[in-house]
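# Topology and contacts: notes
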Amino acid sequence: MSEKTVAILGATGVVGQQMLQCLEERNFPVGRLVPLASERSVGKPVTFRGEDVPCQLAAADAFEGVDIVLGAADDATARALLPEAVKRGAVCVDNSHAFRLEPDVPLVVPEVNAADIAAHHGIIANPNCATIIGLVPVWPLHQAAGLTRLIVSTYQAASGAGKPGLDELVREIRCVAAGEPVGESAPFQYQLAENLIPQIGGFNEEGYTSEEMKMQNEGRKIMHLPELRVNCTCVRVPVVRSHSESITCEFERPISVDEARAILEAAPGVKVVDDPATSRYPMPLETSDQDLIYVGRLRRDLSAPEGVSSLTFWCCGDQIRKGAATNAVQIAEYLV
Ligand SMILES: NC(=O)c1ccc[n+]([C@@H]2O[C@H](COP(=O)([O-])OP(=O)(O)OC[C@H]3O[C@@H](n4cnc5c(N)ncnc54)[C@H](OP(=O)(O)O)[C@@H]3O)[C@@H](O)[C@H]2O)c1
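Residues numbered from 1 in each chain as written. Predicted model: local features only at pLDDT ≥ 70, side-chain atom pairs only at ≥ 80, totals over all residues. Heavy atoms only, no water.

## Regarding unusual backbone geometry
- A cis geometry characterises the amide bond from Ala186 onward to Pro187, with omega recorded as 10 degrees.
- Looking at where Pro187 falls in the secondary structure, it is placed in the loop between helix 5 (162-178) and helix 6 (210-223).
- Despite not being glycine, Asn27 shows a phi value in the positive range, around 55 degrees.
- Residue position: Asn27 is located in the loop between helix 1 (14-25) and strand 2 (30-37).
- At Ser279, a position not held by glycine, the phi torsion is positive, near 55 degrees.
- Positionally, Ser279 belongs in the loop between strand 12 (270-272) and helix 8 (284-287).
- By relative accessible area, Ser279 is classed as partly exposed at 45%. (Helix = DSSP H or I, 4+ residues; strand = E, 2+ residues; numbered from the N terminus. Buried < 20%, exposed > 50% of the residue type's maximum accessible area, 1.4 Å probe, protein only.)

## Section: the UniProt feature "binding site: NADP(+)" (unreviewed entry) in the protein chain
- Look at the UniProt record and you will see "binding site: NADP(+)" (unreviewed entry) annotated at Thr12, Gly13, Val14, Val15, Arg40, Ser41, Ser159, Gly160 and Gln319. The largest pairwise C-alpha distance within this set of annotated residues, which runs over 308 residues, is 25.7 Å, so the set is dispersed in three dimensions. Residues that both appear in the annotated list above and line the largest pocket are Thr12, Gly13, Val14, Val15, Arg40, Ser41, Ser159, Gly160 and Gln319.
- Topologically, Val15 is positioned in helix 1.
- Not counting residues up to four positions away in its chain, the partners in contact with Val15 are Ala72, Asn95, Ile320, Ala324 and Ala325.
- Of note, Arg40 is situated in the loop between strand 2 and strand 3 (45-48).
- Classification of Arg40 as exposed rests on a relative accessible area of 78%. (UniProt positions renumbered as here; feature names shortened; annotations may be inferred. 1 Å grid on protein atoms, 1.4 Å probe; cavity = no way out; pocket = protein on both sides within 12 Å on 5 of 7 lines; lining within 4 Å. Contact = heavy atoms within 4.5 Å.)

## Side note on the site of the ligand
- As a structural note, the neighbourhood of the ligand is formed by 27 residues, with Thr12, Ser38, Arg40, Ser41 and Ala73 the closest of them.
- The contact in question runs from an oxygen atom of the ligand to an N or O atom on the backbone of Val15, over 2.9 Å.
- The backbone of Gly162 places a nitrogen or oxygen atom 3.5 Å from an oxygen atom of the ligand.
- For the ligand, whose unbound accessible area comes to 900 Å², protein coverage reaches 78%.
- Mapping the ligand onto the cavity grids shows that it belongs to the largest pocket.
- Those elements that provide at least two residues to the shell around the ligand are helix 1, helix 5 and helix 9 (321-335).
- It is helix 5 that provides the largest number of residues to the shell around the ligand, a total of three residues.
- Its residues assigned to classes, the shell around the ligand comprises 11 nonpolar, 13 polar and three charged.
- Counting contributing residues, the shell around the ligand receives three or more from each of domain 1 (4-127 + 324-335) and domain 2 (131-319). (Near = heavy atom within 4 Å. Polar contact = N/O pair within 3.5 Å; in protein donor to acceptor, adjacent residues only side chain to side chain. Areas by Shrake-Rupley, 256 points an atom, 1.4 Å probe, with all protein chains shown as cover. Sits in = over half its atoms within 2 Å of the grid points. Nonpolar A, V, L, I, M, F, W, Y, C, P; charged D, E, K, R; others polar. Domains from an automatic or database assignment.)

See the structure below:
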């Protein structure tokens, strides 16, 4: 495999830092690394394979000679810079929301729709983290029984809001422990420590947040199910890392709990942790810093109308790894 020049746009952020680690762990053929960030971080070193590599300013000419760009910056930066990288011959795998729903941009979870990668025109989008974590277990059940409806509640970690979110929760926990006032809670709308915030993103006219609509719109695109019915509620929780989701799936065809369990046990990217007798189920502390989506609490939906096949389960996954960096590096592996 020939070595590639790989740029990371946003190399100093939580996703960018995790990308460095994933490239290293997965032995990705990086010949030269180009870490890019804002003016604030120019010259700041990032560590790759035990060596310090200074960050460069993210600007169009920084992409000269780059083969692959892993995007880990905000939407506006991705929109401004990734087309410049494509013009210079690079292929980009982007984590921002900027290009996800564009018709000529594949939106890919490799366990679900790796075949879509081949249709790219220079940019491939990584889905929203909660969408990736939910779809890894939902997809094999869909293949077996035909998904018709998805009802999801998410419990999303503070680090889903990047380094500022991670730092803010740690600060608030310290304040609360010391009995001091928490004060301003940016980037969150309210104090997160000792709290839950049922708002991630802005609201639409129907009362759904942008994060909730991603589950519907991205889920439909990834699974090629344009009519799929999705109802999602997204909640920010005072967990440092790993998103959790309660998911109910309705299917066209009957599927028993035992069949579903067997399918999930064989599914790529999934680990079944489900033993109520010994209180074994997925939890975010256990799923952090690894790449599998843990699934448990698998059970029949007792509220399903007569004749409707419906299952409920709980899953957790590390949203910085599988929900972002690992998924992007997996896509890049298909490119090489
Ligand atoms: N955190 C997650 O769990 C997660 C999961 C899935 C997807 N994502 C998405 O991944 C992207 C990165 O998220 P994150 O959580 O890693 O955010 P973050 O920790 O806030 O990091 C943001 C990165 O973008 C860089 N940046 C900011 N403004 C820039 C500019 N004008 N020009 C160049 N670089 C700039 C920052 O560089 P400086 O250090 O120089 O400011 C930093 O490296 C976002 O689009 C986010 O929505 C995040």
